[in-house]
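Okay, here's what each chain looks like letter by letter:
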Amino acid sequence: MTTGRGLPGIQPFSVLRTDLGPWRDRRRAWEDLGLHSRRGREHVTTFNTEDRFGQKLADVNGGLSTFDPVLAEASYTWYCPDGGQILDPFAGGSVRGLVAANGGFRYTGIDLSPVQIDANEEAAADWRTRDLLATEPRWIHGDALEELPELPTAHADYVFTCPPYYDLERYSDHPADLSAMRWCEFAEAYRAIIAETVRCLALNRFATWVVGEVRNSTGTARGLVPLTIAAHESAGARLYNDAILVNTLGTVPMRLGAQWRASRKMGRHHQYVLTFIKGDPRRATAALPTP
């Protein structure tokens, strides 16, 4: 399903509706190709930050998040030059790499989990045998703080990633795992990784980070979204577009009543899609094909 520049029915609006027909149809088409975004993540545990006590909910198969292939496809289409180099410092599952390679983009992802890297390579091998890859996705096993400085300056045409939402999902006990750090350590490492991705990004190019807000033990927001924006600004990339990704409701209605009565916490079913520009947005746009 090699993508073109047109995504019928999916428009670059500031509210992205994943629950509407065109988005759902496109996602179903990707899933029919065999996207196993949870493979390699069987060890992950999830935490319900909407819960008043913040206790652990379940192992992976309950509420583990999965990345939407349509968001990846649309973002590449909107912000990356044809055949451009995409850098993903928090690669996670195979979705972003497979969608990029299917569309002819060059993808490099970094991930701390060797199990995840193996699973991603297996998925890519399957797609390769079915002639679904126009390019070869590359996954690097390692800590983004150590691997990013080894990459060339200004080599990437687009940065696209979805970082850990602090401790919302616990990936491992590895000391370099951001999801296992205390908040102050997380914020320091997070800023450093963002600074490195901006260094790796070419001038007059875009970067998109998909993030969600998380709560602390008292129930108030930690500020992951403003931290992401401030870190990019400090590194030399300005906020250019901010969008809301509306996710399907899932189990939100079932737990909303008690949650709202006890704490007035809203049922969260959205993420923020933050796009930054390094350099001149007009020159960055000029490097993109006409829609």
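Residues numbered from 1 in each chain as written. Predicted model: local features only at pLDDT ≥ 70, side-chain atom pairs only at ≥ 80, totals over all residues. Heavy atoms only, no water.

A. Representation of the environment of Thr108. Inspection of the secondary structure assignment puts Thr108 in strand β5 (residues 106-111). Sequence separation of Thr108 and Ile86 is 22 residues, and the distance between their C-alpha atoms is 6.2 Å. Here Thr108 is in contact with Gln85, Ile86, Leu87, Asp88, Arg138 and Ile140, once residues within four sequence places are set aside. Of note is the side chain of Thr108, whose polar atom sits 3.1 Å from the side chain of Gln85. (Helix = DSSP H or I, 4+ residues; strand = E, 2+ residues; numbered from the N terminus. Contact = heavy atoms within 4.5 Å. Polar contact = N/O pair within 3.5 Å; in protein donor to acceptor, adjacent residues only side chain to side chain.)

B. Just the side chain of Thr228, in detail. Among the structural elements, Thr228 can be located in helix α7 (residues 224-235). The class of Thr228 is buried, set by a relative accessible area of 0%. Dropping the residues within four chain positions of it, Thr228 is found in contact with Tyr190, Ile194, Trp209, Val211, Leu274 and Phe276. (Buried < 20%, exposed > 50% of the residue type's maximum accessible area, 1.4 Å probe, protein only.)

C. Examining helix α1 (residues 21-32) more closely. Between its first and last C-alpha, α1 extends 16 Å over twelve residues, near the 16 Å set by a 1.5 Å rise per residue. Elements in contact with the buried residues of α1: β1 (15-17), α2 (69-79), α3 (95-102), α4 (114-129) and β10 (238-246). Once α1 ends, the next one or two residues include Gly34, with phi positive near 100°. (Expected span 1.5 Å × (residues − 1).)

D. Structural context of the pattern of salt bridges. By the definition in use, this model includes 13 salt bridges. For the salt bridge of Arg130 with Asp126, the shortest nitrogen-to-oxygen distance reads 2.8 Å. For Arg130, a relative accessible area of 37% translates into the label partly exposed. Among the residues examined, Asp126 registers a relative accessible area of 35% and is labelled partly exposed. The salt bridge partner of Glu136 is Arg128, with a shortest N-O separation of 2.7 Å. Looking at Glu136, the relative accessible area reads 46%, which means it is partly exposed. (Salt bridge = Lys/Arg side-chain N within 4 Å of Asp/Glu carboxyl O.)

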